[in-house]
Amino acid sequence: MTAMIYDGTYQGWLTAIFDSYEYKMNDVCFLKGETAAIPLFATAHYVVTDEVKARRVIKGLKLRLSAEGLNNLYKVYLSEEEKSEEMMCRFVRYVFTSKENIEQNFSNSAVWDVKKLAKKVKREAHRMEAFVRFKLTKDNLFYAIIEPDHNVLPLVAGHFKGRYADQRWLIYDAKRKYGIYYDLETLSTVELEFRLGPASAKGITEICDEREAFFQELWRKYFSSVNIKARNNMRLHIQHMPKRYWKYLPEKMPEI
């Protein structure tokens, strides 16, 4: 087995795929970062991210996949689930060995696994579009904190840019320590070390606009007033709004 050690980027993974063909590596696994633990009896191959190689792989996939199929592969990369890179590799190898489009061949495990995981990531991205709650700071920046299971910020950034085009905003992923910032013109990725906890709560309160607490309370009262307690269905409620998202939803601060 060859351990493909890459920088964790999508371009880096695509370069690793190119290298696996160039050097005829059939049995491969993928590791992120140079300090990754190499499996016993595996040979290490350190991947140097190359945009030209990455584009050549993408070009080849575009000739054999639909736009949706190519996007599904990227969603699987964003899933960050264990062994997802190996799943993607099996899918890509199947694509390149087939003369016809393979996207509907669900009898192949790689095709089915990619389709299923991509759907899971897409579902969470859709939920993030609905569950992001912004707060206003004193310098007129709207910020929100999320902590999704999958790395969906790249998928939802365009949605928020279109919806809040006239506002400066920052969405911060507390799990991955980075955010997407919009400055009224462009989107940019920012890396922040934002520690959440009791000590940070006071600091957050200090930077918020003085009207923010009032608006948050209005939102909670609205949510409570439209709720019909006699028709509560907590199982259905949790199905549509999983508890893992409640942490950053102001309407869930008081239990309903």
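Above this text is the structure in question.
The rules behind the values
Residues numbered from 1 in each chain as written. Predicted model: local features only at pLDDT ≥ 70, side-chain atom pairs only at ≥ 80, totals over all residues. Heavy atoms only, no water. Pairing = 2+ DSSP bridges. Helix = DSSP H or I, 4+ residues; strand = E, 2+ residues; numbered from the N terminus. Axes fitted to C-alpha atoms, helices over the stretch in contact; angles between N-to-C directions. Parallel < 35°, antiparallel > 145°, perpendicular 65-115°, else oblique. Left-handed = near helix turned anticlockwise from the far one by under 90°. Contact = heavy atoms within 4.5 Å. Nonpolar A, V, L, I, M, F, W, Y, C, P; charged D, E, K, R; others polar. Buried < 20%, exposed > 50% of the residue type's maximum accessible area, 1.4 Å probe, protein only. Right-handed = clockwise from strand over helix to strand, strands pointing away. Salt bridge = Lys/Arg side-chain N within 4 Å of Asp/Glu carboxyl O.

Peer 1: How would you explain the sheet that holds strand β7 (residues 178-182) if you had to name every residue and give the values?
Peer 2: Pairing within the open sheet is mixed, and its five strands lie in the order β4-β5-β6-β7-β8. Lying at the two open borders of the sheet, with one neighbouring strand each, are β4 (135-136) and β8 (187-191). Here β4 pairs with strand β5 (residues 142-146) via two bridges, running antiparallel. Bridged to Leu-136 within β5 is Phe-142.

Peer 1: How would you sum up the packing of helix α5 (residues 109-131) against helix α6 (residues 153-163)? Please name residues and give values.
Peer 2: The interhelical angle for the contact between α5 and α6, taken along N-to-C directions, is 25°, at an axis separation of 9 Å. Judged by the inter-axis angle, α5 sits roughly parallel to α6. Pair α5 / α6 crosses with right-handed handedness. Together, Val-121, Ala-125, Met-128 and Glu-129 of α5 and Leu-155, Val-156, His-159, Phe-160 and Arg-163 of α6 make up the contact between the two elements. When grouped by side-chain class, the residues that make up the contact of α5 with α6 number six nonpolar, one polar and two charged.

Peer 1: Help me get a handle on the pairing of β5, residues and values and all.
Peer 2: Consecutive side chains along a regular strand alternate between the two faces of the sheet. Across the five residues of β5, four count as buried, placing the element largely inside the fold. The turn joining β4 and β5, which pair antiparallel and follow one another in sequence, is formed by five residues; a positive phi near 65° is taken by Asn-140. Direction of pairing for β5 relative to strand β6 (residues 169-173): parallel, over a ladder of five bridges. The partner of Ile-145 across the bridge, within β6, is Tyr-172. Between β5 and its parallel partner β6, the chain crosses via α6, and the hand of that crossover is right-handed.

Peer 1: Could you give an account of the pattern of salt bridges, naming the residues involved and the relevant values?
Peer 2: Evaluated as defined, the whole model comprises ten salt bridges. Ionic pairing is found between Glu-80 and Arg-176, a salt bridge with its closest N-O pair at 2.8 Å. With Glu-80 in the loop between α3 (67-79) and α4 (84-97) and Arg-176 in the loop between β6 and β7, this pair connects stretches of sequence that are 96 residues apart. Owing to a relative accessible area of 38%, Glu-80 belongs among the partly exposed residues under this scheme. What makes Arg-176 buried here is its relative accessible area of 16%. Note that Asp-149 is salt-bridged to Arg-244, the shortest N-O span being 3.0 Å. Taken together, the positions of Asp-149 in the loop between β5 and α6 and Arg-244 in the segment after α9 (234-240) put the pair 95 residues apart, joining distant regions of the chain. The exposure class assigned to Arg-244 is partly exposed, which follows from its relative accessible area of 41%.

Remember that the coordinates give geometry; whether it matters functionally is a separate question.
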